[in-house]
Amino acid sequence: MLPRFICLLLLWGSSCFGFKSFQQRIPNGDMVPHSCKPNFLWHGLGHENELGGGARNSFGLDFAAAGLKWTKELCEKDSDGDGRTNGQELGDPNCTWKENSTPETNQGLSHPGVCEPHDSDLCKPKNTWLNCELESFKCDAIKSPEVKNVTIRFPNTSVPNFETNYFCMTFDLPTDGDYHVIAMTPVIDNKNVMHHILLFGCDSDKQGEASGPTACEMGSVHCNTLFGAWTVGSAGQCLYHEAGIRIGQKGIKRVLMQVHWNNPEMRDDYSDSSGMTLHYTPKLRPNSAVMLMVGQWYLEIPPGRERHAESAVCSKEDTHRLLTGPIKIVRALNHMHYLGREESLEIIRNEKRIAYVTNETTYSYDRPKFVTISPPLEIQPGDEIKTTCVFKSKNKKKTTFSGRGT
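Counting restarts for each chain, with residues numbered from 1 along the sequence as it is written. Local features in a predicted model are, by the rule used here, given only for residues with pLDDT of at least 70; side-chain atom pairs are given and counted only at 80 or more, and totals for whole chains, interfaces and linings are based on all residues. Calculation of side-chain values draws on the structure's entire complement of heavy atoms; hydrogens and water are dropped beforehand.

1. Some words on the packing of aromatic side chains
Consideration 1: The rule is short: rings of Phe, Tyr and Trp, with Trp giving its six-membered ring, pair when the centres are within 6.5 Å, and they are stacked under 30 degrees, edge-to-face over 60, tilted in between. Scanning the entire structure with this criterion turns up six aromatic pairs.
Consideration 2: Aromatic side chains F59 and F63 sit 6.0 Å apart centroid to centroid with 10 degrees between the ring planes, which places their arrangement in the stacked category. Highlighted residues: F59 and F63, both in helix α2 (residues 58-65), separated by four residues, approximately one helical turn. Here F59 and F63 have matching classes, each one buried. A run of H or I in DSSP becomes a helix once it reaches four residues, and a run of E becomes a strand once it reaches two; helices and strands are each numbered from the N terminus. Type-normalised accessible area, obtained with a 1.4 Å probe on protein chains alone, sets the label of each residue: buried when under 20%, exposed when over 50%, and partly exposed for intermediate values.

As structure tokens, then:
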């Protein structure tokens, strides 16, 4: 019998993504944006499949003809016929890059094997193989007739012309009954800027601090119970079949929604009205779920590193203070930003690792993997929870800082 509360673990801070060694032979080979999916990366640069494998695209054919090496001739070629050389698209406009060195720039990158803009009159005939579809959401539980839904979203709001923006707003949830939220799906208005969404439950006896979209960082004093999350690449969350997040008369009545807008071009003509749809049922499940976020809040990642590791530990004292008894973990998600390459979470008991909750050796920000733990894994007061993140900053010339509001 499971305890009353179980845990959906969110780690802040395995698919095959082509041949990693080939990415190292091309300037910015692991940083090329997808041509028609904003905030996604193209992992198999030389292939029509964005994850690698299968038929080669025009750049992949030219790369193979060059002996799978970055040569001056390949750099000066315009493989996709869009008017920009391969070097211009990959941050090596003067064709001087050598393997294991830092490219001239990592700004303004584009795909050398996809004619861009992808839907222009010039490029449409060349890009008939291009797939711009996103993953669809699958959750049979929300098809039950008693399941209701409520959508919370920003009014149309101007996005500031800064690269990183966090905005928050509070919303009331249904209180006409006692419910379990069993699924969450994103409502994305402007995919050019949407980076992630977090929901925080608010104290029932306090009024929310943001009745309209307001600049913020992470949560607030009165709204700090992590409730839900969405990140680029996720079609939504379908919760564990024996658990739901309690809302209504005996649960969370008000939430603060935080959105992260990423505006690297610092454009001043963007607006957004994104949000989340919560699917909830009056048929309460056996367990009430909570979300626990663990990891390192503040990071300094030196430039030019092939591999830089950071670890954070929730100590024995922390879990004794946090937990009143054992909890069960049923699901987990790793989360880092674009420099992230590997992430793992270990449970340590009596100085020995008893299990990996996650151990993602090939991590990609835009391909989130929700890990289902079956049977559920128990964490006890006094256990240690260790998160390890590995970053690659080879193409960076300055230290990368990470913290609240970054």
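2. Focus: unusual backbone geometry
Consideration 1: Going from E116 to P117, the amide bond is cis rather than trans, its omega being 0 degrees.
Consideration 2: The omega angle of the peptide bond from S374 to P375 is 0 degrees, so this bond is cis rather than trans.
Consideration 3: In this fold, P375 is placed in strand β20 (residues 370-379).
Consideration 4: Positive phi, close to 55 degrees, is recorded for M266, a residue that is not glycine.
Consideration 5: The residue M266 is located in the loop between β11 (254-262) and β12 (271-272) in this model.
Consideration 6: The exposure class assigned to M266 is partly exposed, which follows from its relative accessible area of 47%.

3. Focus on the sheet that holds strand β16 (residues 308-314)
Consideration 1: With respect to topology, four strands assemble into an open sheet ordered β16-β21-β18-β19, the strand pairing being antiparallel. Each of the sheet's edge strands pairs with one partner strand only, and the pair in question is β16 and β19 (352-360). Put simply, the sheet's adjacent strands are angled 20 degrees from each other on average, direction ignored.
Consideration 2: One ladder, built from seven bridges, connects β16 with strand β21 (residues 384-391); its direction is antiparallel. Within β21, the position partnered with A312 by the bridge is T387. Any two strands with at least two DSSP bridges between them are considered paired. Every axis corresponds to a line fitted to the C-alpha atoms, with the helix fit spanning only the stretch in contact, and the corresponding angles, defined between N-to-C directions, vary from 0 to 180 degrees.

4. Thoughts on the nonpolar core
Consideration 1: One finds F154, V181, F227, I247, M257, V259 and W261 to be the most contacted residues of the largest nonpolar core, which totals 42 residues.
Consideration 2: In terms of residue count, β11 provides more of this core than any other element does, four residues in total.
Consideration 3: Leave out the neighbours within four places in its chain, and F154 touches F167, C168, M169, F171, P213, M257, V259, W261, D272, S273 and S274.
Consideration 4: The nonpolar core is taken to be a set of buried Ala, Val, Leu, Ile, Met, Phe, Trp, Tyr and Cys residues, with the residues joined through side-chain atoms within 4.5 Å. The next biggest cluster of nonpolar side chains, apart from the first, holds 14 residues, and it includes A332, L345, I347 and I373. Any two residues having at least one pair of non-hydrogen atoms within 4.5 Å are treated as being in contact.

5. Topic: α2
Consideration 1: For α2, the full list of buried residues reads F59, G60, D62 and F63. With its buried residues spanning 165 degrees around the axis, α2 presents them on a single face.
Consideration 2: N or O atoms within 3.5 Å of each other form a polar contact, as long as, within protein, one can give a hydrogen and the other can take it, and as long as residues adjacent in sequence are counted only when both atoms are side-chain atoms. The backbone nitrogen of F59 has a side-chain oxygen 3.1 Å away, supplied by the residue at the start of α2, namely N57.
Consideration 3: G67 lies just past α2 and shows a positive phi near 80 degrees. By construction, the arc corresponds to the directions joining the helix axis to the C-beta atoms.

6. Points about the state of the cysteines
Consideration 1: Note on disulfides: each one is a pair of cysteine sulfur atoms within 2.5 Å. As enumerated under the stated definition, the model contains six disulfides in all.
Consideration 2: The side chain of C36 participates in a disulfide bridge whose partner is C132; the two sulfur atoms lie 2.0 Å from each other. Because the sign of the S-S torsion sets the handedness, a value of about -105 degrees for the bond joining C36 and C132 places this disulfide among the left-handed ones. Of this pair, C36 sits in the loop between α1 (20-23) and α2 while C132 sits in the loop between α4 (86-89) and β2 (148-153), placing them 96 residues apart in sequence.
Consideration 3: Residue classification places C36 among the buried residues on the basis of a relative accessible area of 8%.
Consideration 4: Assessed through its relative accessible area of 29%, C132 is described here as partly exposed.
Consideration 5: Between C115 and C123 runs a disulfide, and the two sulfur atoms are separated by 2.0 Å. The disulfide joining C115 to C123 has a torsion of about -60 degrees about its S-S bond and is therefore left-handed. Each member of the pair, C115 together with C123, is buried.
Consideration 6: The connectivity of the disulfides in the protein is 1-6, 2-3, 4-5, 7-12, 8-10, 9-11, where the numbers refer to bonded cysteines in sequence order.

7. Looking at the pairing of strand β5 (residues 178-187)
Consideration 1: Burial within β5 is extensive, with eight of its 10 residues counted as buried.
Consideration 2: Bridge count between β5 and strand β10 (residues 243-248): four bridges; the pairing is antiparallel. Bridge pairing in β10 links V181 to I245.
Consideration 3: Pairing of β5 with strand β13 (residues 275-281) involves seven bridges; the strand directions are antiparallel.

8. A closer look at the environment of S315
Consideration 1: In this structure, S315 sits in the loop between β16 and α5 (316-322).
Consideration 2: You can call S315 buried: its relative accessible area is 19%.
Consideration 3: In this structure the C-alpha to C-alpha distance between S315 and C115, which are 200 residues apart in sequence, comes to 51 Å.
Consideration 4: Ignoring any residue separated from it by four or fewer positions in sequence, one finds S315 in contact with D383 and E384.

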